[in-house]
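Topology and contacts: notes
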Amino acid sequence: QKEVEQDPGPLSVPEGAIVSLNCTYSNSAFQYFMWYRQYSRKGPELLMYTYSSGNKEDGRFTAQVDKSSKYISLFIRDSQPSDSATYLCAMLGMWYKLSFGAGTTVTVRA
Amino acid sequence: GAVVSQHPSWVICKSGTSVKIECRSLDFQATTMFWYRQFPKQSLMLMATSNEGSKATYEQGVEKDKFLINHASLTLSTLTVTSAHPEDSSFYICSAPPESITAKETQYFGPGTRLLVL
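So, a few notes on the structure that sits alongside this text. Throughout, a residue's number is its position along its own chain's written sequence, starting from 1. Naming scheme: in the order in which they are written, chains are lettered from A and ligands are numbered from 1. Per-residue local features of the predicted model are confined to residues with pLDDT of at least 70, and side-chain atom pairs are confined, for both listing and counting, to 80 or more; whole-chain, interface and lining totals are unaffected and use all residues. Side-chain numbers here rest on the full set of heavy atoms in the structure, without hydrogens or water.

Helices and strands together make up the secondary structure of chain B, namely zero helices and 11 strands. The globule rule used for comparison is 2.2 Å times the number of residues to the exponent 0.38, while the radius of gyration itself is calculated over C-alpha atoms. The C-alpha radius of gyration of chain B comes to 14 Å, within 12% of the 13 Å expected for a compact globule of 118 residues. Principal-axis analysis of the C-alpha atoms gives chain B an extent of 40 × 30 × 25 Å. A simple rule labels every residue: compare its accessible area, found with a 1.4 Å probe on the protein chains alone, to the largest value its type can have, and call it buried under 20%, exposed over 50%, or partly exposed in between. Taking all 118 residues of chain B together, the buried fraction comes to 51%. When the accessible surface of chain B is summed, it comes to about 5,900 Å², and 53% of that surface belongs to carbon and sulfur atoms. Positive and negative side-chain charges in chain B, numbering 10 and 10 respectively, have mean positions lying 6 Å apart. Numbering of helices and strands runs from the N terminus, with a helix taken as a DSSP run of H or I at least four residues long and a strand as a DSSP run of E at least two residues long. Per-residue and other accessible areas follow the Shrake-Rupley method at a 1.4 Å probe size, with only the shown protein chains counted as cover for residues. Working convention for charge: Lys and Arg count positive, Asp and Glu count negative, and His plus the chain ends are omitted. In this description, the location of a charge corresponds to atom NZ of lysine, CZ of arginine, CG of aspartate or CD of glutamate.

Dropping the structure here:
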């Protein structure tokens, strides 16, 4: 079983829709939870970063963490074509090691 | 903010040659750096942890004699793909944690190096 599970999609939504992404994890030691966005042939860029259960909002993005269920989510409101990318969840473990989900490819149709 | 650079950004080489990829932290010191590999449409897979002044730690299944890592200074780690073969063609990304975990980022990622072995 992988430490981090993420549905690779692909996910296609119309412009303006809400994009919903999620990951599950098995390692209770994970304390920091991140969502990265990666465009083709580029390094990942951090979108959201949280370390506690609950919600965190940043503009059109909302990250949710439920440590009891080992489940994290990312919601993108009012999605735009420019949001089309691969979204990776990641969790920080011991010694700063990041464990990544498989990544979900999202396409927002104009 | 802190920046991690990689050089080269892409490289094409013949099968059997060795390729060196550099990862630099530009305005902070990194005692630890990480090397990832990403195949098309797949996630980042951690290959090894590079430690300044000591041997790298490799993840299970990664050949240490194939992927040589040298972390000679607090700002530079190098990954050398020895005797590269077409199956080594991939996107290689390095990262470094910030000097303090309270910083906004938990990792600073380089822009990646695309390797194509013919």
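Now for the sheet that holds strand β7 (residues 61-66) of chain A. Residues and elements named next belong to chain A. Judged by pairing direction, the sheet is antiparallel, and its five strands sit side by side in the order β1-β3-β8-β7-β6 without closing on themselves. Of all strands in the sheet, those with a lone pairing partner are β1 (4-6) and β6 (54-58), marking the two edges. Ignoring which end each strand starts from, the neighbouring axes of this sheet average 15 degrees apart. Summarising the sheet, β6 and β7 pair through five bridges and their orientation is antiparallel. Strands are treated as partners if at least two bridges between them are detected by DSSP. Fitting a line to C-alpha atoms yields each axis, with helices limited to the stretch in contact; the angle taken between N-to-C directions then spans 0 to 180 degrees.

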